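These are the residues of each chain, in order.
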Amino acid sequence: MAAGFSLVLGSASFPILVQAEPISETAPTLDGDVHPPALDPVTELPDLREVAAGPERKTAFLEMLVPLVQAENARIQSDRNWLFGIKTRINPLRADEKSRLASLCEDYAVPCDGGSVSDELMARVNTVPLEMVVIQAVEESGWGTSRIARESNNLFGMRCFSSGCGIGQQGTSRRFQTFDSVRDGVAAYLHNLNTHRAYAQLRHQRSALAMRGKTITAETLIDTLHNYSTSPGYQRQLLSLLQTNGDLIRSHGGDEEWLAGSPA
């Protein structure tokens, strides 16, 4: 059952619903163990318009969003590590392992071939740099203040196209997806990048860097986002926001070296 408490940000206090989840298994990586947060702190986006624009609002936004991005990236990394383990071993898969593999293949829209782990599946089951996720949320939601973000938990401007779906944008015919929690919206955004054909270049670039043991940076992946928005100069705007706010984002994220997408 959800419990209520108040999140105090600067001089403003917001009622927040939190839902306790079982503490996840640690997600082992080549660089150690990542412990995902045990709670989804935000099931309803607080009205950040009540926080003074500037450093206070940025801090409030990052304190809300960064743990959710880290939790979703840790979940993806855990699946990636498991796939790498069964891909590189000799022993045949057990029945439960075959079932988990089939589920991942279905979730990531990749055909399973005789229970083997394909390169395409490995290319899709991978993390996205924290800075890029946050910067897109900043650009698409105005630091969490847009009506679409506030009323739908959709920080990334993700559209929907069926009649009457989601939430409508005032003054246009555009409609946007709605989510039960901010974390659900983060998960949907990451899944979109990892599966939609529009972002095949992003996945190819990320895989190529991982295969060479290179760090996967926000700057490199932003360069592949030409299909994300029709706004002129969209990628330049993201890079400008990253240059201005990258250090602040990293200061809230701690040591994120494990998000280089390893193992390759």
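Notes on the structure follow. (Residues numbered from 1 in each chain as written. Predicted model: local features only at pLDDT ≥ 70, side-chain atom pairs only at ≥ 80, totals over all residues. Heavy atoms only, no water.)

Before going further, it helps to examine the packing of aromatic side chains. What the rule picks out here adds up to five aromatic pairs. Centre to centre, the rings of Tyr199 and Tyr228 are 5.9 Å apart; their planes meet at 40°, and the pair counts as tilted. Separated by 29 residues along the polypeptide, Tyr199 in the loop between helix H6 (182–195) and helix H7 (200–211) and Tyr228 in the loop between helix H8 (218–222) and helix H9 (234–253) bring together distant segments of the chain. This pair shows no difference in class: Tyr199 is buried, exactly as Tyr228 is. Pairing Tyr228 with Tyr234 gives two aromatic rings, centres 6.1 Å apart and planes at 5°, and the pair type is stacked. (Phe/Tyr/Trp six-rings, centres within 6.5 Å; stacked < 30°, edge-to-face > 60°. Helix = DSSP H or I, 4+ residues; strand = E, 2+ residues; numbered from the N terminus. Buried < 20%, exposed > 50% of the residue type's maximum accessible area, 1.4 Å probe, protein only.)

This next bit is on the side chain of Thr195. When you line up the elements, Thr195 lands in helix H6. For Thr195, the side chain forms a polar contact with the main-chain oxygen of His191, separated by 2.6 Å. Leaving out residues up to four positions away in the same chain, Thr195 has contacts with Asp107, Tyr108, Arg124 and Arg203. (Polar contact = N/O pair within 3.5 Å; in protein donor to acceptor, adjacent residues only side chain to side chain. Contact = heavy atoms within 4.5 Å.)

Another point: the packing of helix H4 (residues 130–141) against H6. At a minimum axis separation of 12 Å, H4 and H6 run at an interaxial angle of 115°. As judged from the angle between their axes, H4 and H6 are roughly perpendicular. Taken as a pair, H4 and H6 cross one another with a handedness that is right-handed. Here Met132, Val133 and Gln136 of H4 come into contact with H6, specifically with Tyr189, Leu190 and Leu193. Split into classes, the residues belonging to the contact of H4 with H6 amount to five nonpolar, one polar and no charged. (Axes fitted to C-alpha atoms, helices over the stretch in contact; angles between N-to-C directions. Parallel < 35°, antiparallel > 145°, perpendicular 65-115°, else oblique. Left-handed = near helix turned anticlockwise from the far one by under 90°. Nonpolar A, V, L, I, M, F, W, Y, C, P; charged D, E, K, R; others polar.)

Take H4 next. Over its twelve residues, H4 runs 16 Å from end to end, which matches the ideal 16 Å to within 8%, given 1.5 Å per residue. For H4, the buried fraction is high: ten of the twelve residues fall into the buried class. For H4, the complete set of buried residues consists of Leu130, Glu131, Met132, Val133, Val134, Ile135, Gln136, Ala137, Val138 and Ser141. Of the surrounding secondary structure, the elements contacted by the buried residues of H4 are helix H1 (55–87), helix H5 (147–152), H6, H7, H8 and H9. At the exit of H4 stands Gly142, carrying a positive phi of roughly 60°. (Expected span 1.5 Å × (residues − 1).)

Attention now moves to unusual backbone geometry. For Ala109, which is not glycine, the phi dihedral falls at a positive 55°. Here Ala109 lies in the loop between helix H2 (95–107) and helix H3 (119–124). For Trp143, which is not glycine, the phi dihedral falls at a positive 55°. With respect to the helices and strands, Trp143 occurs in the loop between H4 and H5.

Right, let's get into the state of the cysteines. Scanning all chains against the criterion turns up two disulfides. Paired through a disulfide, Cys105 and Cys112 show a sulfur-sulfur distance of 2.2 Å. Disulfide Cys105 to Cys112: torsion about the S-S bond roughly 120°, handedness right-handed. The exposure class assigned to Cys105 is buried, which follows from its relative accessible area of 3%. Cys112 sits in the partly exposed class, given a relative accessible area of 36%. (Disulfide = S-S within 2.5 Å.)

Opposite charge on two side chains permits them to pair, given that their charged atoms come into close proximity. Counting across every chain of the model gives twelve salt bridges. The salt bridge partner of Asp47 is Arg49, with a shortest N-O separation of 2.7 Å. Put simply, Glu120 and Arg124 hold a salt bridge, and the shortest N to O gap is 2.6 Å. Highlighted residues: Glu120 and Arg124, both in helix H3, separated by four residues, approximately one helical turn. One connected set of salt bridges, linked through shared partners, spans Arg89, Arg94, Asp96 and Glu97. (Salt bridge = Lys/Arg side-chain N within 4 Å of Asp/Glu carboxyl O.)

Turning our attention to the sheet that holds strand S7 (residues 167–168). Pairing within the open sheet is antiparallel, and its three strands lie in the order S6-S8-S7. The strands lining the two open edges of the sheet, one partner per strand, are strand S6 (159–160) and S7. (Pairing = 2+ DSSP bridges.)

Once that is clear, we can look at the nonpolar core. Judged by nonpolar contacts, the single largest core of 60 residues is most densely connected at Phe61, Leu83, Met132 and Leu155. With twelve residues, H1 is the single largest residue contributor to this core. For Phe61, the residues in contact, after removing those within four places along its chain, are Leu48, Val134, Ala137, Val138, Ser141, Trp143, Gly144 and Leu155. (Core = buried A, V, L, I, M, F, W, Y, C linked by side-chain atoms within 4.5 Å.)

Next up on the list: the packing of H1 against H6. Pairs of packed helices are described in terms of their axes, by the angle between the two and the distance that separates them. Running from N to C, H1 and H6 cross one another at 50°; their axes reach a closest spacing of 9 Å. With respect to H6, the axis of H1 lies oblique. Helix-helix and strand crossings are classified by hand; for H1 and H6 the assignment is right-handed. Here Met64, Leu65, Leu68, Val69, Ala71, Glu72, Asn73, Arg75 and Ile76 of H1 come into contact with H6, specifically with Val182, Arg183, Val186, Ala187, Leu190 and Asn194. A class-by-class count of the residues in the contact of H1 with H6 yields ten nonpolar, two polar and three charged.

Shape descriptors only; they carry no functional weight alone.
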